[in-house]
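# Commentary on secondary and tertiary structure
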Amino acid sequence: MIKKLLPVVLVTLLGLTLVGIKVYPDIKALIASKKIEEATNKQKPNNLNGKHPVKEEKFPFRLPAEEEYAKKYPNQFKIVKKMYFSMNYIKNAEGEYEENHNDKDGISHMQFYTDFDQRKNRANFEKIINGKIVETIQVLLKDGIVLRQRPNKHIFTRQREEKNDNHFIGLFNNVTNSEWWALIYNNYPDWSYKEGKKFGMPVYKIKGNITDKVSESLQGPFTMVVSKETGALLDLKCYGHESKEILSITVRKIKINQGISNDVFHLDISGSKKISNMEFNISDIENYEEKTGGTDTSK
Amino acid sequence: MKIQKIFYACVIAIAGLLSVGSISSFANNSGNTQYTFNFPSGTNVDYTDPRPKYDSTSAWMKLKDLSGFATNPSYTASVVKENYSNFSKTWYYTFSKSNINQGVYLSNHAYEDNGYGVKVRIKAVGDGNNSFYGSGDWSPDSI
């Protein structure tokens, strides 16, 4: 009898242990989520109010030591600060650039016309794989209304811009408010710069090395070009260990603070079907499956 | 006897499927950047700077250092919008000394809610009375 029952007990225990391993993170996360929402009654002050998005006045050093370090390299830190606060210097911009994270993901081609003062954006995104456009998204933000269209799928979505949300004013533009200042922050001895000109603008031409402390995946030589007056990112190349480009942002055309014709703020959605935002967002994912777990934080 | 065999087969099959689901991949496709969450005395919430996200994959975070005066410092991380608010669904992950140098994948609903190019931050809520900071690498996307 015991001989018969023993395998049943052992296999059941194995099954229960594995179910426990699978379910434990969800239970733990649920408890953590309750603690977090209690702790986050006061959030960071929101700096996204107003028509023209602006950033806080003070650079957000994380640690006092970082602030002290920046004082030792004032000229280099000045470039970091200019990039970080670039949206404070740019009233309007139009341009075209390509972003490539690695070969298999293809190239992202972006074109944007953004009037930050009037809170208007007309931008296009194209995903190009092996020289062929495989996806296109067009966006128009005007008068607080956002239209997004996938012309090749004949679908579009229309929504009101949320308060305190800069998602659509900066969409398809990783140039005038670029995240990549992080590559030259707090690592001043690792890079140098000289001044020059690009697109008729005075620029900083930066050259250096990214260490694993700054970015594990991007470590290796890099070059960067930054507009001196506005902090806009005009070029970035990260070469990685094997000295081949693993990240590149190549600006083809750009004009900053030269005004934008009102005529460009138009999007023709005739012939396209209106669908929900979520349907639109996941329409490029084959066989999308809803993610399991998580806490409903929509209310 | 036949029922017993079917029972074993089912349990083993379910166990196999569950264990496969727990395995995570390692690579990530948007370059990592460094982060520091600082929790000086009296502050327990901090955020990374926002970065754009280009697909519906998990965000990724590797804690490399936890320092300060707290005895067992830890923080709980979640993916939030650029304006610090939650997406419609949120997953929470706790990081402590046992997670040092471990890449952790942070599930999120950013792409589903806001689509291509959505900017995300990682929000961290520190769990401790004394000041401490945690630092490492993160990325808004993963493979």
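For the structure given in this document, a descriptive report is provided here. (Residues numbered from 1 in each chain as written. Chains lettered and ligands numbered in written order. Predicted model: local features only at pLDDT ≥ 70, side-chain atom pairs only at ≥ 80, totals over all residues.)

## Points about the overall build of chain A
- Helices and strands together make up the secondary structure of chain A, namely 4 helices and 13 strands.
- Burial statistics for chain A: of 299 residues in total, 33% are counted as buried.
- Counting contacts in chain A only where the partners sit at least 6 residues apart, residues at least 24 apart contribute 56% of the total. (Helix = DSSP H or I, 4+ residues; strand = E, 2+ residues; numbered from the N terminus. Buried ≥ 20, exposed ≤ 12 C-beta atoms within 10 Å, placed from the backbone. Contact = placed C-beta atoms within 7 Å.)

## Examining the overall build of chain B
- Of regular secondary structure, chain B possesses 2 helices and 10 strands.
- Ordered by position from N to C terminus, the α and β elements of chain B give α-β-β-β-β-β-β-β-β-α-β-β.
- Intrachain contacts of chain B at a sequence separation of at least 6 include 81% that bridge at least 24 residues.

## Observations concerning the sheet that holds strand S9 (residues 220–227) of chain A
All names here are of chain A.
- Strands sit in the order S7-S8-S9-S10-S11-S1-S2-S3-S4-S5-S6-S12 across an open sheet of 12 strands; the sheet is mixed. At either margin of the open sheet sits one strand with a lone partner, and together these are strand S7 (191–198) and strand S12 (273–274).
- Sheet topology note: the S7/strand S8 (residues 201–210) ladder contains 8 bridges and is antiparallel. The residue of S8 that forms the bridge with Ser-192 is Lys-207. (Pairing = 2+ DSSP bridges.)

## A closer look at the sheet that holds strand S10 (residues 132–139) of chain B
Residues and elements named next belong to chain B.
- In spatial order, the strands read S1-S10-S4-S8; together these 4 strands make up an open sheet with antiparallel pairing. Each end of this open sheet is capped by a strand with a single partner; those strands are strand S1 (33–39) and strand S8 (103–106). Between one strand axis and the next, the sheet turns by 35° as a mean value, whatever way the strands run.
- The sheet contact formed by strand S4 (residues 59–68) and S10 spans 8 bridges and is antiparallel. Each residue of the ladder has a partner; that of Leu-63, found in S10, is Gly-136. (Axes fitted to C-alpha atoms, helices over the stretch in contact; angles between N-to-C directions.)

## What about the pairing of S9 of chain A?
All names here are of chain A.
- Bridge count between S8 and S9: 8 bridges; the pairing is antiparallel. Looking across to S9, one finds that Lys-207 is bridged to Thr-223.
- Between S9 and the antiparallel strand that follows it, strand S10 (residues 233–238), lie 5 residues; Gly-231 among them carries a positive phi value of about 80°.

## Details of the pairing of S10 of chain A
Residue and element names in this part refer to chain A.
- Of the strand pairs in this sheet, S9 and S10 are connected by 5 bridges, and their pairing is antiparallel. Its bridge partner being in S10, Val-226 is matched across the sheet by Leu-233.
- Where S10 and strand S11 (residues 247–256) come together, 4 bridges link them in antiparallel fashion. Across the sheet, Leu-236 pairs through a bridge with Ile-249, a residue of S11.

## What about the environment of Leu-234 of chain A?
- Along the chain, Leu-234 of chain A falls in strand S10.
- Setting aside residues up to four positions removed in sequence, Leu-234 of chain A forms contacts with Lys-198, Phe-199, Val-203, Val-225, Val-226, Ser-227, Val-251 and Ile-254 of chain A.

## Topic: the nonpolar core
- Among the nonpolar cores identified, the biggest contains 56 residues, and Val-80, Val-139, Trp-181, Ile-184, Val-226, Leu-233 and Leu-234 of chain A are the most heavily contacted of them.
- Here Ile-184 of chain A is in contact with Ile-79, Val-80, Trp-191, Ile-206 and Met-224 of chain A, once residues within four sequence places are set aside.
- Core analysis: the next-biggest nonpolar cluster, separate from the first, contains 28 residues, Ala-59, Ala-77, Phe-87 and Tyr-93 of chain B among them. (Core = buried A, V, L, I, M, F, W, Y, C linked by C-beta atoms within 7 Å.)

## Observations concerning unusual backbone geometry
Residues and elements named next belong to chain A.
- For His-154, which is not glycine, the phi torsion reads 60° and is therefore positive.
- Inspection of the secondary structure assignment puts His-154 in the loop between strand S5 (145–150) and strand S6 (155–160).
- Looking at His-154, the number of C-beta atoms within 10 Å reads 11, which means it is exposed.

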